[in-house]
Amino acid sequence: MQKQAEYSSMTSMNNVVDGWFSEKSKLWPGQAMSLQVEEVLFHERSKYQDVMVFKSKTYGNVLVLDGAIQCTERDEFSYQEMITHLPLNCHPNPTNVLVIGAGDGGVIREVVKHPRVEKVIQCEIDEKVIEVSKKYLQYMSKGYDSDKLEQHIGDGFAFMNKHKKQFDVIITDSSDPEGPAEALFEEPYYQLMKEALKPGGIICTQGECVWLHMDLIKKMHKFCRRLYKVVDYAYCTIPTYPSGQIGFMLCSTSPDTNFREPIHKWTNEEKKKLELRYYNADVHRASFALPEFARKALEDDEDED
């Protein structure tokens, strides 16, 4: 996931004190995630953001952008597998997929190994993130070698404006909603994704955290229901994201979509071949069972319509 901390002008090294990296932001006030640093492997400012990779004591290599943890080798698979296979396994035939962002390569790894995917296009604005991930996050970025992948270095908005009604599934692995990334959490962006979908298409986007951003999730859920036939919200657990949880907004242009029951289910042998470590059909179904406060907030949103 691509996230931005409060002060993009500061370097990630400002967050390393006494051998510990601490992730602080106004988006999660009064709390911080800290990891013990063994060695800083890379630190440089790209054209767009501060990029750092460090080797942690217990979570492997860690990618940090503008002071915010993007992924660690220990727990990245939960997010990557869920944001990918929740939508892909609810589409009857997801042959053509668009991924916005995901420079670390984790989502690409998951998309290209899906048996029904024939082609995936990635739009990532920061080529430096891709370069660094290939060097320091080799398991995450191994999908970059796939023949299924076509890569575009540039803005996802501009790309979708030029490619209407072309994709079965669009996955947005986005920044948190501050600065330029705020636009990725607003109605015009979801309208743009809708226009880039083929009939019956599905989108899945990074949906923030119910413990921290319920008002934003409720707002997004409301405008998504104006645009799409079916809208649902799921989540997964991941220790190094704020509050240990991250959600997914799923939308479909088909009224027949049931996000809570996967169309494509894999045997244990198939899951082993696909190297899945978090996702399975039971986890897929369970990811939509929200805590009561979150369920009620989204239910109340529906009642207001």
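Summarised in this report is the structure supplied together with it. Here the structure is a predicted model, which means the values were calculated and not measured.

What follows concerns the sheet that holds strand 6 (residues 68–72). Strands sit in the order 1-2-3-4-5-6 across an open sheet of six strands; the sheet is antiparallel. This sheet does not close on itself; its edge strands, each paired only once, are strand 1 (16–17) and strand 6. Judged from the seven bridges that link them, strand 3 (residues 33–45) and strand 4 (residues 50–56) form a sheet pairing that is antiparallel. By the bridge assignment, E39 is partnered in strand 4 with K55. Where helix 3 (residues 127–136) meets the sheet, its contacts fall on strand 3, strand 4 and strand 5 (61–65), and the angle it forms with strand 3 comes to roughly 120 degrees.

Counting residues in each nonpolar core, the largest one holds 36 residues, and the members touching the most others are V97, V99, V111 and F248. Listed by contribution, the elements that provide at least two residues to this core are helix 1 (76–88), strand 7 (96–101), helix 2 (106–112), strand 10 (167–173), strand 11 (197–206), strand 12 (230–237) and strand 13 (245–252). Per-element tally for this core: the top contributor is helix 1, with five residues. Apart from residues lying up to four places away in sequence, V99 is in contact with V107, I108, V111, V120, I121, Q122, C123 and I171. Among the nonpolar cores identified, the runner-up in size contains 34 residues, and I203, M214, C251 and A297 belong to it.

A separate point is the sheet that holds strand 8 (residues 119–124). Read from one edge to the other, the open sheet built from seven strands follows the order 9-8-7-10-11-13-12, with strand pairing classed as mixed. Bordering the open sheet on either side are strand 9 (149–153) and strand 12, each of which pairs with just one other strand. Here the average twist between neighbouring strands, direction ignored, is 15 degrees. Along the sheet face, helix 5 (residues 187–196) touches strand 7, strand 10, strand 11 and strand 13 and points at about 140 degrees away from the line of strand 11.

In this section: the pairing of strand 3. Bridge count for strand 2 (residues 20–23) against strand 3 is four bridges, and the pairing is antiparallel. Counted as the bridge partner of E23 is M33 from strand 3.

Glancing now at the pairing of strand 9. When strand 8 meets strand 9, the two strands line up parallel, connected through five bridges. Considered in strand 9, the bridge of V120 is made with L149. Crossover handedness for the path strand 8 to helix 3 to strand 9: right-handed.

Under the defined criterion, the tally for this structure stands at ten aromatic pairs. Taking 5.5 Å as the distance between ring centres and 35 degrees as the angle between the ring planes, the aromatic pair formed by F21 and F54 counts as tilted. Note that F21 is positioned in strand 2 and F54 in strand 4, a separation of 33 residues in sequence. When its relative accessible area of 0% is taken as the criterion, F21 is described as buried. We classify F54 as buried; its relative accessible area is 0%. Pairwise contacts between aromatic rings join F157, Y189, Y190 and F223 into one cluster. Over the ring of Y59 we find R74, and its NZ or CZ is 4.3 Å from the ring centre.

Moving on, we come to empty space enclosed by the protein. Inspection of the entire model under this criterion finds two cavities of 30 Å³ or more. In this model, the second largest cavity occupies a volume close to 40 Å³. Considered class by class, the residues forming the lining of the second largest cavity number three nonpolar, three polar and two charged.

Definitions and cut-offs
- Residues numbered from 1 in each chain as written.
- Predicted model: local features only at pLDDT ≥ 70, side-chain atom pairs only at ≥ 80, totals over all residues.
- Heavy atoms only, no water.
- Pairing = 2+ DSSP bridges.
- Helix = DSSP H or I, 4+ residues; strand = E, 2+ residues; numbered from the N terminus.
- Contact = heavy atoms within 4.5 Å.
- Axes fitted to C-alpha atoms, helices over the stretch in contact; angles between N-to-C directions.
- Core = buried A, V, L, I, M, F, W, Y, C linked by side-chain atoms within 4.5 Å.
- Buried < 20%, exposed > 50% of the residue type's maximum accessible area, 1.4 Å probe, protein only.
- Right-handed = clockwise from strand over helix to strand, strands pointing away.
- Phe/Tyr/Trp six-rings, centres within 6.5 Å; stacked < 30°, edge-to-face > 60°.
- Lys NZ or Arg CZ within 6 Å of the ring centre and 35° of its normal.
- 1 Å grid on protein atoms, 1.4 Å probe; cavity = no way out; pocket = protein on both sides within 12 Å on 5 of 7 lines; lining within 4 Å.
- Points joined across faces, edges and corners; volume = space filled by probe spheres on them.
- Nonpolar A, V, L, I, M, F, W, Y, C, P; charged D, E, K, R; others polar.

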